[in-house]
Amino acid sequence: MRYLTAGESHGPQLTLIIEGLPSRLPFSKEKIDTELARRQKGYGRGRRMQIESDQVQILSGIRFEKTTGAPVALAIENKDWVKWVEIMRPDTDPGQAEKRRVARPRPGHADLNGAIKYGHRDMRDVLERSSARETAARVAAGAVAKQVLEHCGIRVASHVVRIGSVATERIDLNGWTAETIAEKSEASPVRCLDPEAEQAMIRVIDEAKEEGDSLGGVVEVVVENVPVGLGSHVHYDRKLDARIAQAIVSINAFKGAEIGIGFEAGERKGSQVHDEILWSEERGFHRATNRLGGFEGGMTTGEPLVVRGVMKPIPTLYKPLQSVDIDTKEPFAASIERSDNCAVPAASVVAENVVAWEVAKALLETFSSDKAEDLLREVERHRNEVKGF
Ligand code: EPS
């Protein structure tokens, strides 16, 4: 299974093509729209989100609310486009485009590197595509992947564990399920499970906003009921934990990923890191703890997957940083017109969906099936086999 996205932040739409879905998979447009709406929420987002109300348009690959097995093409309209037609249309008048030409690269963005690499004197040709607007298409891809996972009883949830200086304690997954994490985080404006930390997060977002500054944070994704043995130990690009890390770090503004206790493993002794193996009639093989976040040797262990990602503060600041104009080579300190000042809660929904994509892709590699019924039958056969191992 693979996908491609196309589209600019202020162009007419985002376009997504997904290939490799099994046929006859129940397919819900509402579920995709729900994910898109979740991505748009969250305390700290800017005015652009009041303009957009993302909904997906299905263009191919679906009939009778099921996949046909053909490529699925989806589109998400940019409502802001109407204000940008003259600037962004393919046959725009150079005089018009000049009005919104970007010659001042913003520190922390793709502007300058992209302009040098692609030879653009108008950095709009870089920033339009590097914008996190594209994550709407990635969430739509994840929302389709979630329908593959759901078909096989696999659930995904996410929550925010840090915003700026405010962090929550690591949760003990014995007390939580993907369902309760989803429910509780959904009810919080910062997608935080701890009400005290939630209030403190809101306070630091407000403080940063007042100072014209932005805040990053850390999000956690949990995937439950994953079959044993997705991914592989045999080659670098088949290790599922590595592919998930790549997917996480590819989200705009993400700078790192952790699996399980992650970087903390470097501080602990081996006996405090590795998860002891147990066996019972009822559960078959399982682990006493889940510090390794559901992975050993690049393969799933059957324990919940626990993945964290760190997002840097959004680099578009009301409080300007110094940069240099590419025409005049003069330094400047420009302020901006509009920005999110914290997008960590929205990014947690993005992280959830990019992880869902990687898990669904790995599932379809292990249980390659033309039809959704075959996929489920194979997954169930495998689960029974694992129990009797
Ligand atoms: C973004 C800048 C802002 C965000 C945008 C991502 O857009 P604008 O420049 O139009 O104000 O609102 O995010 C989205 C549009 C979205 O759907 O998430 C950026 O520079 O990355």
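Residues numbered from 1 in each chain as written. Predicted model: local features only at pLDDT ≥ 70, side-chain atom pairs only at ≥ 80, totals over all residues. Heavy atoms only, no water.

J.: How would you sum up the overall build of the chain? Please name residues and give values.
T.: Of the regular secondary structure elements, the chain holds twelve helices and 17 strands. For the chain, whose C-alpha radius of gyration is 22 Å, the value lies close to the compact-globule estimate of 21 Å for 389 residues. For the chain, the C-alpha atoms occupy an extent of roughly 75 × 50 × 40 Å along the three principal directions. Contacts in the chain between residues far apart in sequence, at least 24 positions, make up 71% of those at least 6 positions apart. Where the 54 positive side-chain charges of the chain centre and where its 60 negative ones centre are 2 Å apart. (Helix = DSSP H or I, 4+ residues; strand = E, 2+ residues; numbered from the N terminus. Rg over C-alpha atoms; globule rule 2.2 N^0.38 Å. Contact = heavy atoms within 4.5 Å. Lys, Arg positive; Asp, Glu negative; His and termini not counted. Charge placed at Lys NZ, Arg CZ, Asp CG, Glu CD.)

J.: Could you give an account of the packing of aromatic side chains, naming the residues involved and the relevant values?
T.: In this description, a pair of aromatic rings is defined by centroid distance and the angle of the planes. Inspection of the entire model under this criterion finds two aromatic pairs. Ring centres 4.7 Å apart and planes at 85° place the aromatic pair Tyr3 and Trp357 in the edge-to-face group. Here Trp357 lies in helix 11 (residues 344-366) and Tyr3 lies in strand 1 (residues 2-6), a separation of 354 residues in the sequence. The partly exposed category is assigned to Tyr3, whose relative accessible area is 23%. Between the NZ or CZ atom of Lys117 and the centre of the ring of Tyr118, over which it lies, the distance is 5.3 Å. (Phe/Tyr/Trp six-rings, centres within 6.5 Å; stacked < 30°, edge-to-face > 60°. Buried < 20%, exposed > 50% of the residue type's maximum accessible area, 1.4 Å probe, protein only. Lys NZ or Arg CZ within 6 Å of the ring centre and 35° of its normal.)

J.: Could you give an account of the layout of surface pockets, naming the residues involved and the relevant values?
T.: Its volume calculated, the second largest pocket comes out at about 1,100 Å³. Taken together, 36 residues form the lining of the second largest pocket, with Arg283, His286, Gly302, Glu303 and Pro304 sitting closest to its centre. Breaking the lining of the second largest pocket down by element, the ones donating at least two residues are strand 9 (217-224), strand 12 (284-287) and helix 12 (372-387). Ranked by residues supplied to the lining of the second largest pocket, first place goes to strand 12 with four residues. Taken together, the residues of the lining of the second largest pocket sort by class into 13 nonpolar, ten polar and 13 charged. (1 Å grid on protein atoms, 1.4 Å probe; cavity = no way out; pocket = protein on both sides within 12 Å on 5 of 7 lines; lining within 4 Å. Points joined across faces, edges and corners; volume = space filled by probe spheres on them. Nonpolar A, V, L, I, M, F, W, Y, C, P; charged D, E, K, R; others polar.)

J.: Give me the lowdown on the site of the ligand, citing residues and values where you can.
T.: Around the ligand, the neighbouring residues are His10, Arg39, Arg45, Arg48, Met49, Ser131, Ala132, Arg133, Arg338 and Asp340. Between the ligand and the protein, one listed contact pairs an oxygen atom with a backbone N or O atom of Ala132 at 2.8 Å. Isolated, the ligand exposes 470 Å² of accessible area, and the fraction of that covered by the protein chains is 86%. Grouping the constituent residues of the shell around the ligand by class yields two nonpolar, two polar and six charged. (Near = heavy atom within 4 Å. Polar contact = N/O pair within 3.5 Å; in protein donor to acceptor, adjacent residues only side chain to side chain. Areas by Shrake-Rupley, 256 points an atom, 1.4 Å probe, with all protein chains shown as cover.)

J.: Quick rundown of helix 7 (residues 135-151)? Include the residues and the values.
T.: Counted at 1.5 Å a residue, the expected span for helix 7 with its 17 residues is 24 Å, and the 24 Å between its end C-alpha atoms agrees. Gly153 sits one or two residues past helix 7 and shows a positive phi near 75°. (Expected span 1.5 Å × (residues − 1).)

J.: Go over helix 1 (residues 29-40) with me, naming the residues and quoting the values.
T.: With twelve residues, helix 1 should cover 16 Å at 1.5 Å per step; its first-to-last C-alpha distance of 17 Å lies within 8% of that length. For helix 1, the full list of buried residues reads Ile32, Asp33, Glu35, Leu36, Arg38, Arg39 and Gln40. Looking at where helix 1 begins, the residue whose side-chain oxygen comes 3.3 Å from the main-chain nitrogen of Glu30 is Ser28.

J.: Give a detailed account of the UniProt feature "binding site: FMN" (unreviewed entry) in the chain, specifying residues and quantitative values.
T.: Per the UniProt entry, the sites bearing "binding site: FMN" (unreviewed entry) are Arg129, Ser130, Ser131, Asn252, Ala253, Gly297, Lys312, Pro313, Ile314, Pro315, Thr316 and Arg338 in this numbering. For the residues just named, distributed over 210 residues, the greatest C-alpha separation reaches 44.8 Å, placing them at more than one site. Within the element layout of this structure, Arg129 appears in helix 6 (residues 124-130). If sequence neighbours within four positions are ignored, Arg129 has contacts with Thr5, Ala6, Gly7, Glu8 and Glu134. Of note is the side chain of Arg129, whose polar atom sits 3.0 Å from the backbone oxygen of Gly7. In this structure, Asn252 sits in the loop between helix 10 (240-249) and strand 10 (254-259). According to the relative accessible area criterion, Asn252 is partly exposed, its value standing at 22%. Setting aside residues no more than four positions away along its own chain, Asn252 makes contact with Ser130, Ser131, Ala132, Thr135 and Met311. Looking at Asn252, its side chain comes within polar contact range of the main-chain oxygen of Ser130, at 2.8 Å. (UniProt positions renumbered as here; feature names shortened; annotations may be inferred.)

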